[in-house]
Amino acid sequence: MKIIIVGCGKVGTTLAEQLNRENHDITLIDTNEEAIQNISDSADVMGVTGNGAVYQVQMEAGIQDADLLIATTNSDELNMLCCLIAKKAGNCHTIARIRNPEYSSEIRYIREELNLSLAINPELAAAREIARLLRFPSAIKIEPFAKGRIELLKFLIPEHSLLNDMRVMDVVNRLKSNVLICVVERGNDVVIPDGNFVMKKGDKISFIASHQESADFFKKAGVDNNIVKSAMFVGGGKLTHYLCRLLEDTKIKIKIIERDEERCRQLSELLPKAMIIHGDGTDEQLLLEEGIRQTEAFASLTGFDEENIMLSLYASSQSKAKLITKVNKIAFENVINSLNLGSLIQPKMLTAEIILQYVRAMQNSMGSSNIETLYKIAADKAEALEFRVKEGSPVLGIPLEKLKLIDNLLVACINRGGTIITPRGKDTVEAGDTVIVVTTHTGLNDLTDILR
């Protein structure tokens, strides 16, 4: 597809690289010529220097032939204007990044009035992920599927767990637990395990289960999952604001440390239930005085990756708190993954995932299935996709054991009208089902892509 991206910031750059990898024709618009040149050097993309909200600039970028325009600049208003002009000039699909909390309550109205295909809020998406993790602290990552009926959870096998040296096939019999282990990350290796695969302490395991089954599995596997009662957040930006709003219905006592005095005043009005502390979150004495050793969850949510990483490392040395670390750059990924940073939250990657999911579904709307949900499990090494199956799909009615599936792929779940089926060899896929597939082959667009 021909896709125009306005804005060469973190989100725009990540999107350009991901969509280029999936062989889309990408054109970038930005006022910064150097930023465009930097991306053009690393990826096969076209660049146009100028203001993306100017009709003539969009025409130069080829808006008349474009399938989709994505506006990801730092200004919500500019993004909305870019989409409005694109709709008139090219009649293409449009996606706008809209981050301001004042707009979030009116997002449905804005979408309808501007005829947006999608409105993306990276901070809200990240806040939702952190809220899920605080409700289920033993997981590193939680991704909902089938409209929240089941979840893909990732966790680290601890030192004395029953799972250490256990084969995948023995989980159901020995633990009497109906979960499906989909992916194992061991060092830099990512594996879709078969039944004979032996798990080891330190492995990162991703499995699919309902909320109730996952809680039961953690208990039987000897993984602590105590509910968080207190949390300390360093950084009082938009993400923290959204997160506290999402946690208002819980009993978690929240402390926010923010160095900007004016922002502290704003937060104390916006979040009356939270305790707002004016101070420098990197001040060791302040952290100790405010109870970093006693808090049950610690999230470093400042705008600086290096600061967030150092804060989480310090927190891990002082307490057994559930750690959450916000990271925007993906540089030094192997080093970051080797550190004890708890759950990594990457707002720009979350945004890219949502947009990629939309692009793949849009690209394949005429096919035999549509992508409903897409998550990257281990950066770009594995994906979990949820397909909605249409009439006429070549996989209908054939037992899974008779389908010739590509290697390194697992059909992890079938959702049939709200009934969740953990698939076995004799199970079949029917029209109207949603099917969850986990694979190390990235870039699947249609359910037929799982066939050899």
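The structure this text deals with has already been given above.
Bear in mind that the values here come from a model prediction, so they are computed numbers and not experimental data.

**Student:** Sorry, what's going on with the sheet that holds strand 1 (residues 2–6) here?
**Tutor:** Hydrogen bonding along the main chain pairs the strands of a sheet, whether they run parallel or antiparallel. Read from one edge of the open sheet, 6 strands run 3-2-1-4-5-6, paired in parallel fashion. Only two strands of the sheet have a single partner each, and these edge strands are strand 3 (46–49) and strand 6 (118–120). Across this sheet, the average inter-strand angle for adjacent strands is 15°, counted without regard to direction. Strands in contact with helix 1 (residues 10–21) are strand 1, strand 2 (25–30), strand 4 (68–71) and strand 5 (93–97); relative to strand 1, the strand with the most contacts, it is inclined by about 165°.

**Student:** What exactly am I supposed to notice about unusual backbone geometry here?
**Tutor:** Positive phi, close to 55°, is recorded for Asn91, a residue that is not glycine. Mapped onto the elements, Asn91 comes out in the loop between helix 4 (76–90) and strand 5. The exposure class of Asn91 is exposed, given its relative accessible area of 63%.

**Student:** How should helix 7 (residues 122–135) be read in this particular structure?
**Tutor:** For an α-helix, 3.6 residues make a turn, and residues three or four places apart therefore share a direction. Helix length check: helix 7, at 14 residues, gives a terminal C-alpha distance of 20 Å against a target of 20 Å (1.5 Å per residue), a fit within 8%. In terms of burial, helix 7 is a largely internal element, 11 of the 14 residues being buried. Along helix 7, the residues that are buried comprise Pro122, Glu123, Leu124, Ala125, Ala126, Ala127, Glu129, Ile130, Ala131, Leu133 and Leu134.

**Student:** So what exactly am I meant to see when it comes to the pairing of strand 9 (residues 180–186) here?
**Tutor:** On any regular strand, side chains alternate: one points to one face of the sheet, the next to the other face. The buried fraction of strand 9 amounts to 6 of the 7 residues, a majority that puts the element mostly inside the structure. Note that strand 9 and strand 11 (residues 204–210) share 5 bridges and pair antiparallel. Looking across to strand 11, one finds that Glu185 is bridged to Lys204. Here strand 9 runs beside strand 10 (residues 189–191); their pairing, made up of 3 bridges, is antiparallel. Each bridged residue has a counterpart across the sheet, and for Val184 the counterpart in strand 10 is Val191.

**Student:** Got a minute to help me understand helix 9 (residues 211–220) in this structure?
**Tutor:** Residues Ser214, Phe217 and Phe218 constitute the buried set of helix 9. Each buried residue of helix 9 lies within a common arc of 100° when the element is viewed along its axis, so the set occupies one face. Opposite the buried face of helix 9, at more than 90 degrees from it, the exposed residues are Gln212 and Lys219. Looking at the buried side of helix 9, the elements it contacts are strand 8 (150–156), helix 8 (170–175) and strand 11. Just downstream of helix 9, Gly222 is the residue with a positive phi angle, here 75°.

Thresholds, definitions, all that
- Residues numbered from 1 in each chain as written.
- Predicted model: local features only at pLDDT ≥ 70, side-chain atom pairs only at ≥ 80, totals over all residues.
- Heavy atoms only, no water.
- Pairing = 2+ DSSP bridges.
- Helix = DSSP H or I, 4+ residues; strand = E, 2+ residues; numbered from the N terminus.
- Axes fitted to C-alpha atoms, helices over the stretch in contact; angles between N-to-C directions.
- Contact = heavy atoms within 4.5 Å.
- Buried < 20%, exposed > 50% of the residue type's maximum accessible area, 1.4 Å probe, protein only.
- Expected span 1.5 Å × (residues − 1).
- Arc of directions from axis to C-beta.

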